[in-house]
Amino acid sequence: MSGVQTITLDAEAEGQRLDRWIRKSFPQITQGRIEKMCRKGEVRLDGGRVKSNSRLAEGQVLRLPPLPDANAPAVHTRPQISDADAQMIRDAVMWKDEHVIVLNKPAGLAVQGGSGQTRHIDGMADAIRFDADTPPRLVHRLDRDTSGVLIMARTGRAAAALARGFQARRTRKIYWAVVAGMPNPRAGTIHYGLVKSGGHGPNGAGEKMIAVHPNQVNTTEGAKRAVSDYMVMEGAGQRAAWVALSPITGRTHQLRVHMAEIGHPIIGDGKYGGNSQTNEGDGWGAQLGGAISRKLHLHARSVFIQHPVDGSALSFTAPLSEHMARTWDTFGWETKGVAGDPFEELE
């Protein structure tokens, strides 16, 4: 068992989450142990309490309590990457340079571990290290069942700059979705706030976000303001619509909750839209039936960012996932010539 450690963080720690830095530096420490140390205040950053998901910066001083020896048997070890998963994640790479790597994340693949997730992009990062000294790191998230553009940083400097860009909303994200019914009006802005409702499973599994009327956000404990733009691109009568979505804020499950709240849940979203084909008394259900897949129809279509080092404007567009492409074919929707950012002309 080591004694209390005081560590001044170097440039490599810049932009990393505290829990990931600890797991990388002390692989014998489990995620559960990290969470417990943070809750009890045993881990301190610049003298203050800190959450496990806090971002680190060069020059900060981290205090750690006594830890098990490095040669102690590890309760948790990073899973081995199978050859199939390594090839899959390499095939998902859309673009890379010395600082940034961009993936077209497959639907159904988690971005990071938690709630029983053992197969995830963060755990496969070694397979897309290429010529870098360290694996790329996450700077934002997509839900497990959401496909599309995912940005990762290849250096600490890039991670910090990209994280600042996402937090300051200098990054533009456009999603495509299929929703039940036809929104009216066909374009608008949704302002419902969001508050977390704890799940009933182990470690809070099954938690949901609940919509809060904009007038009640300030008086609802834990609620945060959330804003999303939407625009109908094409319809299938009154049965379904292809919509473009742009999250102005970046709350958990924001787009899914917002579309369900206005009565047009995203197809395949059993969590917020129900599992039935119709949902009497609460708008449309989240299934269309027939040949339409029951998988979530939400895709991070395009991301517009500023390069974290040279400042140049970058844009990335990901082709639709297989099940969503089949739905587009079923409805005869054409993606060619569609504007990367359909909201731009409205500004």
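Here the structure is a predicted model, which is why all the values come from computation and not from measurement.

**Overview of the overall build of the chain**
Then step 1. Counting secondary structure elements, the chain contains 8 helices and 16 strands.
Then step 2. Burial statistics for the chain: of 347 residues in total, 47% are counted as buried.
Then step 3. A separation threshold of at least 6 residues defines the contact pool for the chain, and within that pool the share at least 24 residues apart is 65%.
Then step 4. Carbon and sulfur atoms provide 46% of the accessible area of the chain, an area that totals close to 17100 Å².

**Re the packing of aromatic side chains**
Then step 1. This structure, assessed with the given rule, holds 8 aromatic pairs.
Then step 2. Look at Trp 176 and Trp 328: their rings are 6.2 Å apart centre to centre, the planes differ by 15 degrees, and that puts the pair in the stacked class. You can see Trp 176 sitting in strand S9 (residues 172-180) and its partner Trp 328 sitting in helix H8 (residues 322-331), a full 152 residues away along the chain.
Then step 3. When its relative accessible area of 2% is taken as the criterion, Trp 176 is described as buried.
Then step 4. In this structure an aromatic cluster arises from ring pairing among Trp 176, Trp 242, Trp 328, Phe 331 and Trp 333.
Then step 5. In this structure, Lys 96 packs its charged tip against the face of Phe 130, placed 4.8 Å from the ring centre.

**Focus on the pattern of salt bridges**
If the charged atoms of two oppositely charged side chains come close together, the side chains can form a pair.
Then step 1. Within this structure, the stated rule accounts for 13 salt bridges.
Then step 2. The shortest N-O distance in the salt bridge between Asp 19 and Arg 17 comes to 2.7 Å.
Then step 3. Judged by its relative accessible area of 1%, Asp 19 falls in the buried class.
Then step 4. Between Arg 172 and Asp 341 there is a salt bridge whose closest N-O contact spans 3.0 Å. Remark: Asp 341 occurs in the segment after H8 and Arg 172 occurs in strand S9; sequence separation between them is 169 residues.
Then step 5. What makes Asp 341 buried here is its relative accessible area of 13%.
Then step 6. One connected set of salt bridges, linked through shared partners, spans Arg 20, Arg 23 and Asp 122.

**Structural notes on the nonpolar core**
Then step 1. By size, the foremost hydrophobic cluster in this structure holds 30 residues, and its most contacted members are Ile 89, Ile 121, Leu 245, Ile 266 and Leu 298.
Then step 2. Domain assignment of the residues forming this core places at least three in each of domain 2 (83-170) and domain 3 (174-307 + 324-331).
Then step 3. In contact with Ile 89, not counting residues within four places along its chain, are Leu 103, Leu 109, Ile 121, Met 124, Ala 127 and Ile 128.

**A few points about unusual backbone geometry**
Then step 1. Here Asn 184 and Pro 185 are connected by a cis peptide whose omega angle stands at 10 degrees.
Then step 2. Examined against the element boundaries, Pro 185 turns out to sit in the loop between S9 and strand S10 (187-190).
Then step 3. Of note, His 253 is a non-glycine position whose phi angle comes to about 60 degrees, a positive value.

**Some thoughts on helix H1 (residues 18-25)**
Then step 1. Every buried residue belonging to H1 is among Leu 18, Asp 19, Arg 20, Trp 21 and Ile 22, and all of these are buried.
Then step 2. On its buried side, H1 packs onto strand S1 (5-8), helix H2 (31-39), strand S4 (61-64), helix H4 (121-124) and strand S7 (137-138).

**Concerning the sheet that holds S1**
Then step 1. Strands sit in the order S1-S4-S2-S3 across an open sheet of 4 strands; the sheet is antiparallel. The open sheet has two edge strands with one neighbour each: S1 and strand S3 (48-49).
Then step 2. As judged from the 2 bridges shared by strand S2 (residues 44-45) and S3, these two strands associate in the antiparallel manner. Note on S3: the bridge partner recorded for Leu 45 is Gly 48.

The rules behind these values
Residues numbered from 1 in each chain as written. Predicted model: local features only at pLDDT ≥ 70, side-chain atom pairs only at ≥ 80, totals over all residues. Heavy atoms only, no water. Helix = DSSP H or I, 4+ residues; strand = E, 2+ residues; numbered from the N terminus. Buried < 20%, exposed > 50% of the residue type's maximum accessible area, 1.4 Å probe, protein only. Contact = heavy atoms within 4.5 Å. Areas by Shrake-Rupley, 256 points an atom, 1.4 Å probe, with all protein chains shown as cover. Phe/Tyr/Trp six-rings, centres within 6.5 Å; stacked < 30°, edge-to-face > 60°. Lys NZ or Arg CZ within 6 Å of the ring centre and 35° of its normal. Salt bridge = Lys/Arg side-chain N within 4 Å of Asp/Glu carboxyl O. Core = buried A, V, L, I, M, F, W, Y, C linked by side-chain atoms within 4.5 Å. Domains from an automatic or database assignment. Pairing = 2+ DSSP bridges.

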